[in-house]
Amino acid sequence: MKLFFRSRRWLLWGLLLALVLVLLAVLVFLATEYEQSRDQTALEADAAALSSDIRSGLLRNVQTLQSLHHIAGTPEAWEHAAAEVLFQHREMVRIEWRDNALRLLAARDSTFQPDLFRALPRDQALVDVRQACDSARRVSGPAFASSYFWPLSGGQGMELMEMCMPVVRAGAASGFAVITYSLPGLLSELTSRNLIRNRGLAFTEADGTRLALYSTATSTRRTLVANSLLDLQGHTLMVRLESPRVAYALFPNVLTAVVGVLSLALLAVLFLLGRDIRRRQQAETELAEALAFRKAMEDSLVTGLRARDMDSRVTYVNPAFCQIVGFSAEELIGSGLPAPWWPPELVGEYQQRQAVRLAGQALPREGWESVFQRSDGTRVPVLIIEAPLIDARGVQTGWMSAVIDQTEQRRAEELNRASQERLQATARLATMGEMASLLSHELNQPLAAMASYATGSLNLLADGDAVPVAELREGIRRIAEQAERAGRVIRSVADFVRRRERSREAVPPALLIDAIQPLLALQSKKIGVRVQVRIEPGCPAVACDRTMVEQVLLNLARNGMQAMPDGDPPLRSGLRVLGIAVRTVRALGGTPAEGEGLPPRKQWVEFAVTDHGQGLSADVVERLFTPFFTTKTEGMGLGLSLCRTVVEQHGGALSHEPAEPRGTVFRFTLPAA
């Protein structure tokens, strides 16, 4: 019943509002129509008055021209009198005296339009002149021709109209007086200024085409338009007058004003009432949406939420908490202590903890770990985070707990622990494999040198009785040096694999190159390659592990010589040269090219090894420093990878680029000592 009466009341309010709106709209419409009709009538009267003024002005001009021909009998006197007429009547731009055959006897142009016939000659308009004079001869009075557009110099133009009037002297026709009118001049000179103030005035044709414009309406609001017919002998023009709407009073009488004010007041009350209802409905909708959003968010959480009052009775649980403990929400709401999810053997401990919380002692904000028992008897490790539950008045009404199931976390920790143990065992095996690979790679070079020197010594002993002791001693000394070098390589590789910090010493670049010079000489002689060494004067010593840097230089140099096999490039080209260049670069204070890619140290020494082989393809460049990648049939693919690791452990950088005219340049930097 309440709903029925409420609906009926709103229906009555709606009908009343609709009635008031209709009445107000009718009153406003009638008042507006009345004002618009009054304005339109006044505007049409003004347009008719302007049209009458123009017609009267043209008649006065006819009288003036008749007196002109009576006063001036000769062409010379006529021209002087015509100039006075043109000066007083600016709407005329030219006056002509023609005979009965329309031959020109005398003419005078207005001083206000001296260049009227500069763009086109006057003869172009004789057709309109002849039309006007033929009409004037028929009616024995002034006649007008149709208006036409006459171009002016400078790309402009003007709308003109010809009037022809018969000249009668001593009772006999003595020719015609031809007057050229400017339509804008007619609007400006023959109309009342008071009638066209703040209005638009123009000449148009019957179809609305605008011929001449004098002024435009000064307002951008909706305008009123009135047209008045200007009927001339031989031609008809339309005078178009535009005026902006004048803002008169909205209500023409007091009664309408009172009704309008009351209607507006009623509308304001209804508007305020409707706005209040809309706001209340919007608030209710937003509250419902907020509750639905909070419910959906709480149901989607994997964290259990539980609320309890000050007597430790459960007042709220979300689905995640029910899933953790294995009880439904109906079973948990209203339950007290001991809680149904407490393990029986831990009830005493948990009750003591509840007593501590009720005593007001602060619990750890990061939470504490506990154990719950599901309804099926299984145990669940959980993390509990609890905080006071405060209502809108700032009063504590209970406790809110967040419960996180840690079963999966514990399982992940166990799996991670087992994985770490397997990874450590795998890492030890990988380290052993890496050490074995590096040793086999790095010991090949000193062992090959020892084999070469031993073979040479045996050859000296097999030549005969005369044994060259000096050469034999030199060979044995070289074997000893390479054996010592092999030992250093073994120690350096072991330290490198264990990533142990090795001792650094200041070594001049020349000593590093001299140490590998004998090994380079052996290989270069076999393939016919000349080794060219250039060391910049004043180049400082480098702080490095001598053995490992020598090995880097030796690897890069041997790779460069292997890139130039016999006949490629040919000997006559002069490119069978392996270049080793050393220079100083500065990362700070030097040129941008010098400092690019270098760590922020003050001074660095750059080593460049250049070969003139066939260069590197795009596929090789992408995998150049990949371990165990090689383009050689006998290589292991660890040389460049080892070189880059050694250089980077010294703080430098290893890079490569094409050489000119062919080949490749490998550059690496070491810090100055």
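This one's a predicted model, so the numbers in the text were calculated from it and none came from an experiment.

### Examining unusual backbone geometry
Here comes step 1: In this structure, proline 661 follows glutamate 660 across a cis peptide bond, with omega equal to 0 degrees.
Here comes step 2: Phi angles above zero are rare outside glycine, and asparagine 198 is one such case at about 60 degrees.
Here comes step 3: Structurally, asparagine 198 can be placed in the loop between helix H4 (183–189) and strand E7 (200–204).
Here comes step 4: Residue classification places asparagine 198 among the partly exposed positions, given a relative accessible area of 47%.

### Remarks on the sheet that holds strand E12 (residues 314–317)
Here comes step 1: Ordered in space as E12-E11-E15-E14-E13, the five strands form an open sheet in which the pairing is antiparallel. In this open sheet, the two strands that pair with only one neighbour each are E12 and strand E13 (368–373). Averaged over neighbouring strand pairs, the angle between their axes works out to 35 degrees when direction is ignored.

### What to know about the packing of helix H12 (residues 509–527) against helix H13 (residues 546–562)
Here comes step 1: Contact pair H12 / H13: the axes reach a minimum separation of 9 Å and the direction vectors enclose 25 degrees. Taken together, the axes of H12 and H13 lie roughly parallel to each other. The way H12 lies across H13 gives a crossing that is right-handed. Facing H12, whose interface residues are Leu511, Leu512, Ile513, Ala515, Ile516, Leu519, Leu520, Gln523, Ser524 and Ile527, H13 presents Arg546, Val549, Glu550, Leu553, Leu554, Ala557, Arg558, Met561 and Gln562.
Here comes step 2: Tallied by class, residues from the contact of H12 with H13 come to 13 nonpolar, three polar and three charged.

### Some details on the confidence of the model for the chain
Here comes step 1: In this model, the chain carries a mean pLDDT of 78, and residues with pLDDT of at least 70 account for 81%.
Here comes step 2: Counting contacts from residues 427–431, a segment whose pLDDT is below 50, to residues more than four positions away or on other chains yields one contact.

### Description of the nonpolar core
Here comes step 1: Judged by nonpolar contacts, the single largest core of 42 residues is most densely connected at Ile54, Leu58, Trp78, Tyr181, Leu183, Leu186 and Phe203.
Here comes step 2: The dominant element in this core, judged by the number of residues it contributes, is helix H1 (residues 2–71), at eight residues.
Here comes step 3: In this view, phenylalanine 203 contacts Ile54, Leu183, Leu186, Leu187, Thr209, Arg210, Leu211, Ala212, Leu230, Leu237, Met238 and Val239; residues no more than four positions away in its chain are not counted.
Here comes step 4: Core analysis: the next-biggest nonpolar cluster, separate from the first, contains 41 residues, Ala557, Ile580, Cys643 and Leu654 among them.

### Re empty space enclosed by the protein
Here comes step 1: With the rule as written, the count across this model stands at one cavity of 30 Å³ or more.
Here comes step 2: When its volume is computed, the largest cavity comes out at roughly 60 Å³.
Here comes step 3: Arg306, Arg308, Arg353, Gln354 and Ile384 are the residues nearest the centre of the largest cavity, which is lined by 11 residues in total.
Here comes step 4: Contributions of two or more residues to the lining of the largest cavity are made by strand E11 (304–309), helix H8 (347–358), E13 and strand E14 (379–390).
Here comes step 5: Considering every element that reaches the lining of the largest cavity, the biggest residue donor is H8, with three residues.
Here comes step 6: Tallied by class, residues from the lining of the largest cavity come to five nonpolar, one polar and five charged.

### Description of the sheet that holds strand E9 (residues 223–232)
Here comes step 1: Sheet architecture is open: four strands sit in the order E8-E7-E10-E9, paired in antiparallel fashion. In the strand order of this sheet, the two ends are held by strand E8 (210–215) and E9, each with one partner. Ignoring strand direction, the axes of neighbouring strands in this sheet form an average angle of 20 degrees.
Here comes step 2: Bridge count for E7 against E8 is four bridges, and the pairing is antiparallel. Each bridged residue has a counterpart across the sheet, and for alanine 202 the counterpart in E8 is leucine 213.

### Some words on the environment of serine 153
Here comes step 1: With respect to the element layout, serine 153 can be found in the loop between strand E4 (148–151) and strand E5 (157–169).
Here comes step 2: Residue classification places serine 153 among the partly exposed residues on the basis of a relative accessible area of 33%.
Here comes step 3: As a C-alpha pair, serine 153 and phenylalanine 117 span 36 residues in sequence and 8.9 Å in three-dimensional space.
Here comes step 4: With sequence-adjacent residues up to four places away left out, serine 153 is seen in contact with Asp115 and Ala119.

### Observations regarding the packing of aromatic side chains
Here comes step 1: Under the criterion given, the structure shown has eight aromatic pairs.
Here comes step 2: Taking the centre distance of 6.0 Å and the plane angle of 25 degrees together, the rings of phenylalanine 87 and phenylalanine 112 count as stacked. In this pair, phenylalanine 87 sits in helix H2 (residues 75–88) while phenylalanine 112 sits in the loop between strand E2 (104–109) and helix H3 (126–139), placing the two residues 25 residues apart along the sequence.
Here comes step 3: Ring geometry for tryptophan 341 versus phenylalanine 372: centroids 5.9 Å apart, planes at 50 degrees, classification tilted.

### What to know about the side chain of aspartate 46
Here comes step 1: Residue position: aspartate 46 is located in helix H1.
Here comes step 2: A relative accessible area of 17% means that aspartate 46 is categorised as buried.
Here comes step 3: Here the side chain of aspartate 46 touches arginine 199 through a polar contact of 2.6 Å, side chain to side chain.
Here comes step 4: In this structure, aspartate 46 is in contact with Leu195, Arg199 and Leu241, ignoring residues within four places of it in sequence.

### Observations regarding the pattern of salt bridges
Here comes step 1: Overall, the coordinates contain 18 salt bridges when judged by the stated rule.
Here comes step 2: Of the charged contacts in the structure, one is a salt bridge between arginine 98 and glutamate 96, with a shortest N-O distance of 2.8 Å.
Here comes step 3: With a relative accessible area of 5%, arginine 98 lands in the buried category.
Here comes step 4: By relative accessible area, glutamate 96 is classed as buried at 0%.
Here comes step 5: Linked through salt bridges whose partners overlap, the residues forming this network are Arg94, Glu96, Arg98, Asp109, Arg122 and Glu162.

### Some points on the pairing of E14
Here comes step 1: In this sheet, E14 lies alongside E13 in antiparallel orientation, the contact comprising six bridges. Of the residues in E14, the one forming a bridge with phenylalanine 372 is valine 380.
Here comes step 2: The hairpin formed by E13 and E14 contains five residues between the paired strands, and glycine 377 there has a positive phi angle of roughly 95 degrees.
Here comes step 3: Sheet analysis places E14 next to strand E15 (residues 396–405), joined by nine bridges and oriented antiparallel. Looking at the pairing, leucine 383 lines up with isoleucine 404 of E15.
Here comes step 4: Hairpin connection, E14 to E15: the antiparallel pair is bridged by five residues, and glycine 394 has positive phi, about 85 degrees.

Parameters and conventions
Residues numbered from 1 in each chain as written. Predicted model: local features only at pLDDT ≥ 70, side-chain atom pairs only at ≥ 80, totals over all residues. Heavy atoms only, no water. Helix = DSSP H or I, 4+ residues; strand = E, 2+ residues; numbered from the N terminus. Buried < 20%, exposed > 50% of the residue type's maximum accessible area, 1.4 Å probe, protein only. Pairing = 2+ DSSP bridges. Axes fitted to C-alpha atoms, helices over the stretch in contact; angles between N-to-C directions. Parallel < 35°, antiparallel > 145°, perpendicular 65-115°, else oblique. Left-handed = near helix turned anticlockwise from the far one by under 90°. Contact = heavy atoms within 4.5 Å. Nonpolar A, V, L, I, M, F, W, Y, C, P; charged D, E, K, R; others polar. pLDDT = per-residue confidence, 0-100. Core = buried A, V, L, I, M, F, W, Y, C linked by side-chain atoms within 4.5 Å. 1 Å grid on protein atoms, 1.4 Å probe; cavity = no way out; pocket = protein on both sides within 12 Å on 5 of 7 lines; lining within 4 Å. Points joined across faces, edges and corners; volume = space filled by probe spheres on them. Phe/Tyr/Trp six-rings, centres within 6.5 Å; stacked < 30°, edge-to-face > 60°. Polar contact = N/O pair within 3.5 Å; in protein donor to acceptor, adjacent residues only side chain to side chain. Salt bridge = Lys/Arg side-chain N within 4 Å of Asp/Glu carboxyl O.

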